[in-house]
Amino acid sequence: MSQGLCWLASYPKSGNTWLRVLLTNLLSEDAEPARINSLVASQIASSRPWLDDVLGFDSADLYPQELLTMRPNVYQWCNTQASGLVFYKTHDANIEISDGVYLFPPDAFSNVVYVIRNPLDVAISFSAHMSLSIDKAIAAMNRHDYTLVKETRRSLNQQAEQPLLSWSQHVKSWVDNPMFESHVIRYEDMHAFPVKIFHDVASYLKIPICETTLARAIRNSSFNILRNQENAERFTERPVSATAFFRRGVAGSWSEVLKRTQIERIIEDHHEVMKRFSYIDEQNQPQEQIPGNTCYEA
Amino acid sequence: MLKDHKTAYYYCLYGLRVSSDLELPEVLPGVESNVNDLSIRLGDLRGDESATAELRGPFLRAAPDMLNLVVPGVVEMAARNGRNLLYRPFEGIDEASVRLFLLGSGIGAILMQLGHLVLHGNTIEINEGCIVCVGQSSAGKSTIAAGMLQRGYRILADDISPVDEDGLVVPGLPRIKIWQKSADILGLNTEGMARIRPELSKFNIPLGTSFCDQKRVLKGVVILDQHNDTDVSVQLVSGQEKFRLLRQNVYRSRFVDGMLLKKSYFQQTMNLAANLPVIRINRPKKGNSVESVLDKIEDFINSAELSS
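Attention in this report is confined to the structure presented alongside it. Just so it is clear, the structure is predicted and the values come from calculations on it, not from any experiment.

1. Brief notes about the overall build of chain A
In terms of regular secondary structure, chain A is built from twelve helices and eight strands. Against the globule reference of 19 Å for 298 residues, chain A gives a C-alpha radius of gyration of 19 Å, in line with a compact fold. Overall, chain A is about 50 × 45 × 40 Å in size when its C-alpha atoms are taken along their principal axes. When the 298 residues of chain A are sorted by exposure, 57% land in the buried category. In chain A, 72% of the contacts between residues at least 6 apart in sequence involve partners at least 24 apart. Carbon and sulfur atoms make up 48% of the accessible area of chain A, which totals about 12100 Å². Within chain A, the 35 negative side-chain charges are centred at a point lying 6 Å from the centre of the 28 positive side-chain charges.

2. Some thoughts on the packing of helix α1 (residues 16–27) of chain A against helix α8 (residues 194–204) of chain A
Residues and elements named next belong to chain A. Close contact between α1 and α8 brings their axes to 12 Å; oriented N to C, the two are set at 70°. For the element pair α1 / α8, the angle class is roughly perpendicular. The two elements α1 and α8 cross, and the hand of that crossing is right-handed. The residues of α8 that touch α1, namely those facing Leu19, Leu22, Leu23 and Leu26, are Phe198, Val201 and Ala202. Here the residues of the contact of α1 with α8 sort into seven nonpolar, no polar and no charged.

3. A few points about the interface of chain A and chain B
Counting from both sides, the interface comprises 30 residues of chain A and, opposite them, 39 residues of chain B. Together chain A and chain B conceal approximately 3100 Å² of surface at their shared face, both sides included; 53% is due to carbon and sulfur atoms. In this assembly, chain A and chain B are joined by three salt bridges. Its salt-bridge partner being B:Arg254, residue A:Asp53 comes within 2.9 Å of it at the nearest N-O pair. If you list the elements that add at least two residues to the side of chain A that touches chain B, you get α2 (48–55) and α3 (64–81) of chain A.

4. Overview of the packing of aromatic side chains
Residue and element names in this part refer to chain A. All chains considered together, the criterion is met by 18 aromatic pairs over all chains. Consider the rings of Phe104 and Trp174, whose centres lie 5.0 Å apart with planes at 45°: the pair is tilted. Taken together, the positions of Phe104 in the loop between β4 (101–102) and β5 (111–116) and Trp174 in helix α6 (residues 167–175) put the pair 70 residues apart, joining distant regions of the chain. What makes Phe104 buried here is its relative accessible area of 0%. Each member of the aromatic cluster is reached from another via a ring pair, and the members are Trp7, Trp50, Tyr75, Tyr88, Phe104, Phe109, Tyr114, Trp174 and Phe180. A cation over an aromatic ring shows up here: Arg117 above the ring of Tyr187, its NZ or CZ 4.2 Å from the ring centre.

5. A look at empty space enclosed by the protein
Residue and element names in this part refer to chain B. According to the stated counting rule, one finds five cavities of 30 Å³ or more in the structure shown. Taken as a whole, the largest cavity encloses approximately 120 Å³ of empty space. Taken together, 17 residues line the largest cavity, and the ones lying closest to its centre are Leu103, Gly104, Asp159, Ile160 and Lys177. By residue number, the principal contributor to the lining of the largest cavity is helix α1 (residues 95–113), which donates five residues.

6. Some thoughts on the pairing of strand β11 (residues 129–135) of chain B
Residues and elements named next belong to chain B. Of all seven residues making up β11, seven are buried, and the element is well covered by its neighbours. Burial of the side chains of β11 extends over both faces: Gly129, Ile131, Cys133 and Gly135 are buried on one face and Cys130, Val132 and Val134 on the other. Where strand β10 (residues 117–126) and β11 come together, six bridges link them in antiparallel fashion. Each bridged residue has a counterpart across the sheet, and for Asn122 the counterpart in β11 is Cys133. Between β10 and β11, which pair antiparallel and follow one another directly, the connecting turn spans two residues, one of which, Glu128, has a positive phi of 65°. Bridge analysis of β11 against strand β18 (residues 216–227) gives six bridges, and the strand direction is parallel. The partner of Val134 across the bridge, within β18, is Ile223.

Definitions and limits used
Here the residue numbers are simple positions, counted from 1 along each chain's written sequence. Note on labels: chains are lettered from A, ligands numbered from 1, in written order. Restriction of local features to residues with pLDDT of at least 70 applies here, the model being predicted, together with a cutoff of 80 or more for giving and counting side-chain atom pairs; totals for whole chains, interfaces and linings are based on all residues. The side-chain quantities take in all heavy atoms of the structure and omit both hydrogens and water. Working definition: helices are DSSP H or I runs of at least four residues, strands are E runs of at least two. Numbering for both runs from the N terminus. Here the globule rule is a power law, 2.2 Å times the number of residues to the power 0.38, and the radius of gyration is based on C-alpha atoms. Working definition: with a 1.4 Å probe on protein chains only, accessible area under 20% of the residue-type maximum means buried, over 50% means exposed, and in between means partly exposed. Note on contacts: a residue pair qualifies if any of its non-hydrogen atoms lie within 4.5 Å across the two residues. Computed with a 1.4 Å probe, the accessible areas rest on the Shrake-Rupley method; for each residue, only the protein chains presented here act as cover. When charges are tallied, Lys and Arg are placed among the positive residues and Asp and Glu among the negative ones, while His and the ends of the chain are skipped. Here the site of a charge means NZ on Lys, CZ on Arg, CG on Asp, or CD on Glu. Inter-axis angles, ranging from 0 to 180 degrees, are taken between N-to-C directions of lines fitted to C-alpha atoms, where helices are fitted over the stretch in contact. By definition in this entry, angles of less than 35 degrees are roughly parallel, angles greater than 145 are roughly antiparallel, angles of 65 to 115 are roughly perpendicular, and the rest are oblique. Should the near helix be turned counterclockwise from the far one by less than a right angle, the crossing is left-handed, whereas a clockwise turn marks it as right-handed. In this count, Pro and Cys sit with the nonpolar residues alongside Ala, Val, Leu, Ile, Met, Phe, Trp and Tyr, while Asp, Glu, Lys and Arg are called charged and the others, Gly among them, polar. Two parts placed together each lose some accessible area; with a 1.4 Å probe, that loss summed over both constitutes the buried area. Salt bridges are defined by distance alone: a side-chain nitrogen of Lys or Arg within 4 Å of a carboxyl oxygen of Asp or Glu. Centres within 6.5 Å are what make two rings of Phe, Tyr or Trp a pair, Trp counting through its six-membered ring; a difference in plane orientation under 30 degrees is then read as stacked, over 60 as edge-to-face, and the rest as tilted. We count a charge as sitting over a ring when the NZ of a lysine or the CZ of an arginine lies within 6 Å of the ring centre and within 35 degrees of the ring normal. A 1.4 Å probe that fits into a set of points on a 1 Å grid over the protein atoms alone but cannot get out defines a cavity; an open set with protein on both sides within 12 Å along at least five of seven lines defines a pocket, and lining residues are those with an atom within 4 Å of a point. Grid points are joined across faces, edges and corners, and a volume is the space filled by probe spheres set on the points. If DSSP finds at least two bridges between two strands, the strands pair.

These figures come from the coordinates and say nothing about function on their own.
Structural data, given as structure tokens:
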């Protein structure tokens, strides 16, 4: 197995949690499904308690820009101290903080798995999660300055600011970073080709597995199981404003939910990246059946 | 811009007679004396003996009785033997910012070197003793301290609460720090109050006569936390979970490890866990539940657990 930090990176509502469920089940020797409140990568890159502990002083006493410049040091340090492969999640875009210095520099991890999802579906899920209208979610996904947990300097949040940039910029910040390569997987391929996708993830992470373990992990990660678990016990990561975290878990619901104008707007905003990952065809038309192609070059 | 450092100021801080070459308006004035327990002074930390101390974080070096911490762009500090707190500000930094970290992690390290078990929370005086409200960043500790003040309680310590070997909490600074939003919720007027740092809307609120300057025996601990539920929940903590939560809420456990204080801290924490009632209060992450949390704390103060 690889040694060091493994970042599970994604734009919000792109399948990060489902990836964590699958990895938890993959690494488990238990025949029973992993519990949703005991997943790998429960620590998020922007967690203040974690940042405070490693820094040795209160991040609350720092200006947002000060904290941003110190976060790479925290990750670099933790990467050097990691015993085995340690998973962390992040929704941050991997922004360039200063000349050649990235929020997640190459010595801040041993591996990166980046999950990308059709922005047509992300918009729907993002709107539900953030209690925004779909139109406002689409607008937010196109903002170059969009930040989760934006600091107001009047109060404190449990997480530090997370710069997302626009959806397209977020993808490129990880997938096209000049200093390292990410292992990129599409949410839709996790649904359509789970055996191949997770076999490749396991290989990338140097996790030895057998076909039986892989099949069991995939079976134990079904959305039905997750939804049933959430009905029985509150998912601690679900925001109060959302009625459920594990909602539908399907790919392609955009065709039933989005209006034509909303689809056109998202394509107009993000066509370059959407075409690259086969979410639209050469004529910029959305693909209802996303062609199976698990290999994408930076 | 820092003032002339030839002047000495005298203070009383956590029961220590302090001489400082930096004015510390947040701290209780002390008596001028040639005999002091703690010296705070500008120092040249280059080539310092701690350069060989083990790296314990990206900005932290530590060894027994020795801790060096850098807050990039603000200040570098060195805590030595519980008696000396040296500092070197970064070029162009304001004094308020330097003081904030000196009176935070800097003094925290000194208190650990003096053998105290330092909890990360605020200490509130109650009849026959005190309680400490602990919690991680943004748990609401300072808001709760301000709320208890409004309900007539006195405060011993804000954020850094040292427990001595006799189980008494040592009083610290006669102020609490509070965010503007929390002040708004509580109806506190921050006009004229000093900001903890120039560009943060967090203020130093002087306690005046609401500061308890005497040690008080620690009678109980409240662990403040947040959850994604809509209600405030209270749970009496027992057994191993009590010990685990107390350990989790020790101030700067990384300092403890670095200065090789783990063994003594383990014993001190075990003693607290064995003898003190502990409750955990979970509040919703969204919405205003301050009064409800304060009610639960008062219930705990008046409960049989604390009277026994």
